[in-house]
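The chain contents come next:
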Amino acid sequence: RGSLLNVSKLRVVFYTYRGVIKALNGVELWLNEEERLGIVGETGCGKSVTALSIMRLIEQPGEIVSGNVLFNNQDLLKLDENEMDKIRGKKISMIFQEPIAALNPVFKVGFQIAETIAHSREITIKDAYSQVPEALEMVGLDWQRTKDLYPHELSGGMAQRVMIAMALAARPKLLIADEPTSALDVTIQAQILELLDKLVTVGKNAVILITHDLGIASEFCDRVAVMYAGNVIEVAKSEEIFNNPLHPYTKGLIESIPVIDKSRDLKGIAGTVPDLVDPPSGCRFHPRCNRAFDKCSSELPSLLEIEPDHFVACHLYN
Ligand code: SF4
Ligand code: MG
């Protein structure tokens, strides 16, 4: 469905002492060139697992059980590690929530950026070094003042700028940003998003922005995919998700966004996120859904196009 990326029927499990966690339950996701897709949902709904699966970074005790991840019509799940190495960090790069933890603590920032540039553009480290000043400048950091710092000497905002510089050094087709601003304070968050926005527009790369904040997703992205308990349950254009949510869970999410008017309490959604070792049968939202009927507990609804460009996985619309 997307010209750049097509994820279909993606299933991922984690084997734990408590039992098998059914983390992804047939995820459907697609993306066009230069498009920005937001993935939103509560903690544990599978946003990060989806991103890591696309990058083929799911490790023991996790396993991708089935599905396809077509990137430029090539199934990434069928590539060997060598072939994947030509994609990861080159055609698809990723930035994470904890930028300092993603950097190597024992090397200076300048060297780490040079190393990433060398790997991603397949040039020597010496040639890569000459491009570090520009890479740092692009993200608003001063080369002289930054190059000799170690990761622990960076503020969270600076470290995220360094990660962005490294991720974009390869001029990837797709940038995956997993909660890139959640660990930062609010003013820095806004600066980082503004910077990302600018660089992505210039670089013309597609973006998947993972966030638990529907507001951020809809502001930054063209389309938003809402995830619940291991499935994408609704996808639509950003304004559409806000103005015309169809899935009961998305409706609840939007009603729970705090409003300035003090007379309205934060509503929230009743019930808790299900345990994915023993997930609810059928629609995984059914124990919390006030619209549930018989079919909901026995059949998993598929993601269908209910209105033009508006996809919903819910039996109410079937
Ligand atoms: Fe609610 Fe049923 Fe729709 Fe699930 S399929 S969201 S339980 S109405
Ligand atoms: Mg996460």
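Residues numbered from 1 in each chain as written. Chains lettered and ligands numbered in written order. Predicted model: local features only at pLDDT ≥ 70, side-chain atom pairs only at ≥ 80, totals over all residues.

- Going by an unreviewed UniProt entry, the protein chain carries the name Oligopeptide/dipeptide ABC transporter, ATPase subunit and comes from Pseudothermotoga lettingae.
- The heading Sequence similarities (unreviewed entry) in the UniProt record of the protein chain holds the text "Belongs to the ABC transporter superfamily."
- Quoted verbatim from the Subcellular location (unreviewed entry) heading of the UniProt record, the comment on the protein chain is "Cell membrane". (UniProt positions renumbered as here; feature names shortened; annotations may be inferred.)

## Overview of the overall build of the protein chain
Move 1: Check the secondary structure of the protein chain and you find twelve helices and twelve strands.
Move 2: Its C-alpha radius of gyration of 20 Å places the protein chain within 12% of the 20 Å reference for a compact globule of 318 residues.
Move 3: Sorting the 318 residues of the protein chain into buried and exposed places 42% on the buried side.
Move 4: For the protein chain, long-range pairs separated by at least 24 residues make up 63% of all intrachain contacts whose partners lie at least 6 apart in sequence. (Helix = DSSP H or I, 4+ residues; strand = E, 2+ residues; numbered from the N terminus. Rg over C-alpha atoms; globule rule 2.2 N^0.38 Å. Buried ≥ 20, exposed ≤ 12 C-beta atoms within 10 Å, placed from the backbone. Contact = placed C-beta atoms within 7 Å.)

## Remarks on the nonpolar core
Move 1: If you look at the biggest cluster of nonpolar residues, it comprises 94 residues, and the most contacted ones within it are Ile 113, Val 162, Ala 165, Ile 176, Ile 208, Ala 225 and Val 226.
Move 2: The biggest single contributor to this core is helix α8 (residues 156-169), with ten residues.
Move 3: What Val 226 contacts, discounting residues up to four positions off in sequence, is Val 40, Gly 41, Ile 233, Glu 234, His 247, Tyr 249, Thr 250 and Leu 253. (Core = buried A, V, L, I, M, F, W, Y, C linked by C-beta atoms within 7 Å.)

## With respect to the sheet that holds strand β10 (residues 231-237)
Move 1: The sheet built from eight strands is open, its strands ordered β6-β7-β8-β3-β9-β10-β12-β11 with mixed pairing. With partners counted over all chains shown, the strands left at the sheet margins are β6 (92-95) and β11 (304-307), one partner each. Along the sheet, successive strands turn relative to each other by an average axial angle of 25°, direction set aside.
Move 2: As judged from the four bridges shared by strand β3 (residues 36-40) and strand β9 (residues 223-228), these two strands associate in the parallel manner. For Ile 39, the partnering residue across the bridge sits in β9 and is Ala 225.
Move 3: Against the sheet, α8 makes contact with β6 and β7 (174-178), and its axis sits at roughly 175° relative to β6, the strand it touches most. (Pairing = 2+ DSSP bridges. Axes fitted to C-alpha atoms, helices over the stretch in contact; angles between N-to-C directions.)

## Observations concerning the environment of Ala 177
Move 1: Mapping Ala 177 onto the fold places it in strand β7.
Move 2: Using a count of 28 C-beta atoms within 10 Å as the deciding quantity, one classes Ala 177 as buried.
Move 3: Taking the C-alpha atoms as reference points, Ala 177 and Ile 58, separated by 119 residues in sequence, lie 16 Å from one another.
Move 4: For Ala 177, the residues in contact, after removing those within four places along its chain, are Ile 95, Leu 196, Val 207, Leu 209 and Ile 210.

## Quick notes on the sheet that holds strand β1 (residues 5-16)
Move 1: Here four strands make up an open sheet; going across it, the order is β2-β1-β4-β5 and the pairing antiparallel. Lying at the two open borders of the sheet, with one neighbouring strand each, are β2 (19-31) and β5 (74-75).
Move 2: On the sheet, helix α1 (residues 47-54) packs against β1, β2 and β4 (62-71) and is oriented at approximately 70° with respect to β2.

## What about unusual backbone geometry?
Move 1: Following Gln 60, the chain continues to Pro 61 via a peptide bond in cis, the omega torsion being 5°.
Move 2: Within the secondary structure layout, Pro 61 lies in the loop between α1 and β4.
Move 3: In the Ramachandran plot, Asp 309 falls in the positive-phi region, its phi being about 60° despite a non-glycine side chain.

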